[in-house]
Amino acid sequence: MPLDPGLVGALHVERLGRLDVRAGERLHHALFQTSTIDALLSGSYEGDVSFAELGARGDFGLGTFDALDGEMIGLDGVFYQVKADGRAYEVDEQTKTPFAVVTFFEPREIRQLAAPMDHAAFRAYLDGVVADDAAACHAVRVDGHFSYVKTRSVPRQHKPYPPLVEVVEHQVTFELHDVRGSLVGFRFPDYVGGLNVAGYHFHFITEDRSAGGHLLEFQITRGELRVDHESDLNLELPAGVEEAMPDLAQSKKDELNRIENA
Ligand SMILES: [Zn+2]
């Protein structure tokens with residue numbers, strides 16, 4: 001099914017070649033994404049974009065690494081790798097990624113979070129914050145104090161690469177208590193299914209940048225929420241990755257749901 005033309009006004013999905021983004025050109029309120037979630041689901045873990053290149057397209061975001069070696073967090077222009085030991089390491093510019101989404105974070109909306117919220121309450125609250133513009137993509141950052149955080153990471157994979165659903169069966173999870181840190185992520189409208197994770201996708205990193213991962217559960221005590229409304233989604237698809245189907249089959253959705261929320 002092609003993208004609904006009515007929605008294309010709200011979000012432009014463009015296929016970019018490597019040279020389409022000129023060096024030094026800074027896109028505003030635009031997401032840059034390498035590859036697609038569908039390609040990642042089926043085991044395309046070969047990195048093809050370096051973090052030097054990624055950093056030219058955004059200072060904020062999430063993703064993974066060549067050979068699926070951990071969870072990526074981009075924050076304030078620095079990229080971190082949370083490996084399967086739960087520790088965060090600064091990423092070398094030459095390291096490559098098979099899947100990442102970044103933006104230059106320019107929030108238009110700032111809210112103080114004064115009441116404790118868990119993951120579900122936070123998503124419901126955010127749904128309200130973006131209700132006027134729910135068809136757009138949103139970049140979301142929260143800096144605050146968390147009484148509880150549960151994250152996961154995945155170990156580096158070896159060829160032949162298994163599909164993501166098998167890798168996640170062996171994910172390692174980490175629990176943090178009474179910690180300051182940042183939640184980094186995105187809210188994607190339903191029609192991006194196939195290109196990215198529809199709904200919410202968050203990663204977490206501690207304030208001292210020592211630990212984190214893909215966020216599974218949390219309880220925030222207080223914090224500051226910032227939201228950037230994105231109008232464009234620029235895709236770079238490596239050779240061999242098909243233009244993704246915006247609508248996933250239900251079986252694929254179930255698979256993705258297990259992977260992202262397990
Ligand atoms: Zn993730």
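Definitions and limits used
Within each chain, residues carry numbers counting from 1 in the order of the written sequence. In keeping with the predicted nature of the model, local features appear solely for residues at pLDDT of at least 70, side-chain atom pairs appear and are counted solely at 80 or more, and the whole-chain, interface and lining totals rest on all residues. Side-chain figures throughout are based on the complete set of non-hydrogen atoms in the structure, without hydrogens or water. Helical segments are the DSSP runs of H or I of at least four residues, strand segments are the runs of E of at least two, and each set is numbered from the N terminus. Buried means the residue's accessible area, taken with a 1.4 Å probe over protein chains only, is under 20% of the maximum for its type, while exposed means over 50%, and partly exposed covers the values in between. Areas reported as accessible are Shrake-Rupley estimates using a 1.4 Å probe. Residue values count occlusion only from the protein chains shown. Stacked, edge-to-face and tilted are the three classes for Phe, Tyr and Trp ring pairs, Trp counted by its six-membered ring, which pair at centre distances within 6.5 Å; planes under 30 degrees apart are stacked, over 60 edge-to-face, the rest tilted. Our definition puts a charge over a ring when NZ of Lys or CZ of Arg is within 6 Å of the ring centre and also within 35 degrees of the ring normal. Contact between two residues is taken to exist if any of their heavy atoms lie within 4.5 Å; hydrogens are not considered. The predictor attaches a confidence to each residue, and that confidence, scored 0 to 100, is pLDDT. Shown as donors are all N, O and S atoms within 2.8 Å of a metal ion, widened to 3.2 Å for Na, K and Ca; because water is not in the atom set, sites may appear incomplete. In this text, buried Ala, Val, Leu, Ile, Met, Phe, Trp, Tyr and Cys residues form a nonpolar core when linked through side-chain atoms within 4.5 Å. In short, DSSP must find at least two bridges between two strands for them to pair. Put simply, a salt bridge is a Lys or Arg side-chain nitrogen that is within 4 Å of an Asp or Glu carboxyl oxygen.

Looking only at helices and strands, one finds six helices and 16 strands in the protein chain. Here the protein chain, with 262 residues, has 55% of them falling under the buried criterion. Accessible surface, the protein chain: about 11200 Å² in total, of which carbon and sulfur atoms supply 49%.

The next point concerns the packing of aromatic side chains. If you walk through the whole model with that rule in mind, you get 11 aromatic pairs. Relative to Phe218, the ring of Phe122 has its centre 5.7 Å away and its plane inclined at 70°; by these criteria the two rings are edge-to-face. Here Phe122 is found in helix H4 (residues 119-129), whereas its partner Phe218 is found in strand S15 (residues 212-230), with 96 residues between them in sequence. The pair Phe122 / Phe218 is uniform in exposure class, with both members buried. Joined through ring pairs, the aromatic side chains of Phe122, Phe146, Tyr200, Phe202, Phe204 and Phe218 make up one cluster. The ring of Phe32 carries the charged tip of Arg57 above its face, separated from the ring centre by 4.8 Å. Looking at Lys83, its charged tip hangs above the ring of Tyr89, at a distance of 4.8 Å from the centre.

So, on to the environment of Tyr125. Structurally, the position occupied by Tyr125 is in helix H4. Tyr125 has contacts with Arg111, Leu113, Met117 and Leu225, leaving out every residue within four places of it along the chain.

The next point concerns the confidence of the model for the protein chain. For the protein chain, the average pLDDT comes to 85, and 82% of its residues sit at 70 or higher. Long-range and interchain partners of residues 1-10, a stretch whose pLDDT sits below 50, account for 13 contacts in this model, where long-range means more than four residues apart. Predicted confidence for residues 244-248 stays below pLDDT 50, and this span has 20 contacts to residues more than four positions away or in other chains.

Right, let's get into the coordination of the zinc ion. Only His201 (NE2), His203 (NE2) and His214 (ND1) from the protein reach the zinc ion as donors, at distances of 2.1 Å. Written as a sequence motif, the donor residues of the zinc ion are H-x1-H-x10-H. Taken as a pair, His201 in strand S14 (residues 199-206) and His214 in strand S15 lie far apart in primary sequence, 13 residues in all. The buried category is assigned to His201, whose relative accessible area is 7%. For His214, a relative accessible area of 2% corresponds to the buried category.

Here we take up the nonpolar core. Soluble globular proteins tend to pack their nonpolar side chains together in the buried interior. Membership of the largest hydrophobic core comes to 21 residues, with the highest contact counts inside it found for Leu31, Phe60, Phe186 and Phe188. For this core, the secondary-structure elements that each account for two or more residues are strand S4 (60-64), strand S5 (71-75), strand S6 (78-82), strand S12 (137-153), strand S13 (172-188) and strand S16 (232-236). With three residues, S13 is the largest single contributor of residues to this core. Among the nonpolar cores identified, the runner-up in size contains 20 residues, and Leu113, Met117, Phe204 and Leu225 belong to it.

Of all five residues in S5, five are buried, a share of seventy percent or more. Side chains of S5 alternate between two faces, with Glu71, Ile73 and Leu75 and Met72 and Gly74 buried alike. The pairing of S4 with S5 spans four bridges and is antiparallel. Bridge pairing in S5 links Gly63 to Met72. Linkage of S4 to S5, two consecutive antiparallel strands, is achieved through a turn of six residues, within which Ala67 is found at a positive phi near 65°. Where S5 and S6 come together, five bridges link them in antiparallel fashion. Across the sheet, residue Gly74 finds its bridge partner in S6, namely Phe79. Joining the antiparallel neighbours S5 and S6 is a turn of two residues, in which Asp76 adopts a positive phi near 55°.

Turning next to the pattern of salt bridges. On inspection of all chains with the given rule, the structure shows 11 salt bridges. Between Glu109 and Arg111 there is a salt bridge, with the nearest N and O atoms lying 3.2 Å from each other. The closest approach of N and O atoms between Asp143 and Arg226, which form a salt bridge, is 2.8 Å. In this pair, Asp143 sits in strand S12 while Arg226 sits in strand S15, placing the two residues 83 residues apart along the sequence.

Before going further, it helps to examine unusual backbone geometry. Omega for the bond connecting Lys159 with Pro160 falls within 30 degrees of zero, at 0°, which places this linkage in the cis form. Within the element layout of this structure, Pro160 appears in the loop between S12 and helix H5 (164-168). We note that His29 has phi near 50°; this positive angle belongs to a residue other than glycine. With respect to the element layout, His29 can be found in the loop between strand S1 (12-16) and strand S2 (30-34).

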